[in-house]
Amino acid sequence: MKRSPSGHARTLACLALLYSALAFGAQAQSLPSAGTRAVPTYEAVGLYWTNPGGTSGCQVRYRKAGASAWSQGLDLWYDARDTECRGSLVHLEPNTDYQVELNLPGQAPARALSFRTWANQRPVAKTIAVSGGSATLNITEGGSAAGYVVYEGSGATLDAQNNAQYNVTINASYVIVRGLTLKGAKQDAIRISPTVTDVVIEDNDISGWGRQRSGNWGVDMDSAIRAVCTQPTLMRVTIQRNKIHDPRYSANSWSDGHPAGPQAISFSHCGGNHVFRHNEAYSTNGNYFNDIFGGEDNFTKAGFPNSDTDIYGNRLSHAWDDGIEAEGANENVRIWGNYIDRTAIGIATTAASVGPACLF
């Protein structure tokens, strides 16, 4: 008969484990976080270490809070222009605490920091039912980080019939726009104010927007979802699980010069830390997009989608130019797992003026 350990032996074993855990925790906590920051999304994080003391890049390891084993991340890239290491961790779990340690190659960890990824489900303070109609839905009531205001369509149709400029305007932060069928906007189906943050646009069906430029050609960058900023203030916008299809007019092909015309998503001169995931954009009426996802300021330190942004799991087709035009800063921008068909270029990244951008 196998005997169980004595109470004394069990106590010693527990004390040993506790001492080991406390010692490890003390070691981790003793590392400073000075000069570092983490900018998370649902499934990834951008990491930064300013003035790391070396010029050959930085190394990173990470783990879920409370776990014993560490995972090695891709080395951070060193940018000599601003003496900073930058890079990303991907395939993380939403709504989860992580710990990170950073070191120079061949040296012991010198910095530690922690972060929490975004939760897929946002807290809700209030739900407003949206009825169908032809007038613009002007969203002016927002919530807070503790509770979003949800504008719930439940399939309701807003058909502007080419009379209203927009189906929806978003002029408040911490809002969710969900479950609407949007048609017939004269210019953009959804226009987001440049002064807001923390917006979720999900599970909508958007079609038939845009102005006429000439013949069947549409005005450049009239979009299903659009934001036009003068400063990089618009941040933390999630656009997910929307069907965006069949703009009213088409972009021109390369046979008539650089394509110009409607887009699915356009952010001009805006901030970063966005997520565009699991959307479908396509055309069945012969009207092609210019770029499907894109923006402006290609050769600046802003551009689309600027910084700390994820674009993944989207199914994109029917563009005369780019499926995804990620051009400009591309500072810790991550693009993966998209299916892109019937476009001139799948993913465009000229130029990554800040970097790094990760495509996989």
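Going by the structure above, here's the rest.
Note that the coordinates shown come from a computational prediction; the quantities given were computed from them, not determined experimentally.

*Asks:* Would you take a moment to explain the pattern of salt bridges for this structure?
*Replies:* What the rule picks out here adds up to 19 salt bridges. Between Arg178 and Glu202 there is a salt bridge; the shortest N-O distance is 2.7 Å. Placement of the pair is Arg178 in strand β14 (residues 175-178) and Glu202 in strand β17 (residues 197-202), with a sequence separation of 24 residues. A salt bridge links Arg236 to Asp198, with the shortest nitrogen-to-oxygen separation between them at 2.8 Å. Note that Arg236 is positioned in strand β22 (residues 235-240) and Asp198 in strand β17, a separation of 38 residues in sequence. Owing to a relative accessible area of 6%, Asp198 belongs among the buried residues under this scheme.

*Asks:* How do you make sense of the sheet that holds strand β11 (residues 148-152) when you look at a structure like this?
*Replies:* Sheet strands line up and pair through hydrogen bonds in the backbone, either parallel or antiparallel. Taken together, nine strands build an open sheet; the order of strands is β9-β11-β14-β17-β22-β25-β29-β32-β34 and the sheet is parallel. Of all strands in the sheet, those bounded by a partner on one side alone are β9 (124-129) and β34 (357-359). Across the sheet, the axes of successive neighbouring strands diverge by a mean angle of 10°, strand direction being ignored. Bridge count between strand β32 (residues 333-336) and β34: three bridges; the pairing is parallel. Residue Ile335 lies in a different strand from β34, and its bridge partner there is Leu359.

*Asks:* I tried to follow the sheet that holds strand β1 (residues 36-40) on my own but got confused; where do I start?
*Replies:* Reading across the sheet, the four strands line up as β1-β2-β6-β5 and stay open at both edges, with antiparallel pairing between neighbours. In this open sheet, the two strands that pair with only one neighbour each are β1 and β5 (77-79). Across the sheet, the mean angle from the axis of one strand to that of its neighbour is 20°, orientation sign disregarded. Where strand β2 (residues 45-50) lies against strand β6 (residues 84-89), six bridges are found, and the strand directions are antiparallel. Opposite Val45, over in β6, you have Leu89 as the bridge partner.

*Asks:* So what exactly am I meant to see when it comes to the environment of Ser33 here?
*Replies:* Its location among the elements puts Ser33 in the loop between α1 (7-30) and β1. Along the sequence, Ser33 and Leu102 sit 69 residues apart, while their C-alpha atoms lie 9.5 Å from each other. In this view, Ser33 contacts Arg111 and Ala112; residues no more than four positions away in its chain are not counted.

*Asks:* Whenever I open this one, the pairing of strand β21 (residues 223-228) confuses me. Can you help?
*Replies:* Each regular strand shows side chains that alternate between the opposite faces of the sheet. In terms of burial, β21 is largely enclosed, as five of its six residues are buried. The pairing of strand β16 (residues 188-192) with β21 spans three bridges and is parallel. Of the residues in β21, the one forming a bridge with Arg191 is Arg226. Sheet topology places β21 next to strand β24 (residues 263-268); five bridges connect them, and they run parallel. Of the residues in β24, the one forming a bridge with Arg226 is Ser266.

*Asks:* I keep staring at the side chain of Glu101 and nothing clicks. Help me out?
*Replies:* Inspection of the secondary structure assignment puts Glu101 in strand β7 (residues 97-103). For Glu101, a relative accessible area of 4% puts it in the buried group. Only 2.8 Å separates the side chain of Glu101 from the side chain of Arg61, close enough to count as a polar contact.

*Asks:* Is there a simple way to think about the state of the cysteines in this case?
*Replies:* Note on terminology: disulfide describes a covalent bond linking the sulfur atoms of two cysteines. One pass over the full model with this rule turns up two disulfides. Between the sulfur atoms of Cys229 and its disulfide mate Cys270 the distance is 2.1 Å. On the S-S bond that ties Cys229 to Cys270, the torsion sits near 90°, and the link is right-handed. Of this pair, Cys229 sits in the loop between β21 and β22 while Cys270 sits in the loop between β24 and β25 (275-277), placing them 41 residues apart in sequence. Take Cys229: its relative accessible area is 2%, and that puts it in the buried class.

The rules behind these values
Residues numbered from 1 in each chain as written. Predicted model: local features only at pLDDT ≥ 70, side-chain atom pairs only at ≥ 80, totals over all residues. Heavy atoms only, no water. Salt bridge = Lys/Arg side-chain N within 4 Å of Asp/Glu carboxyl O. Helix = DSSP H or I, 4+ residues; strand = E, 2+ residues; numbered from the N terminus. Buried < 20%, exposed > 50% of the residue type's maximum accessible area, 1.4 Å probe, protein only. Pairing = 2+ DSSP bridges. Axes fitted to C-alpha atoms, helices over the stretch in contact; angles between N-to-C directions. Contact = heavy atoms within 4.5 Å. Polar contact = N/O pair within 3.5 Å; in protein donor to acceptor, adjacent residues only side chain to side chain. Disulfide = S-S within 2.5 Å.

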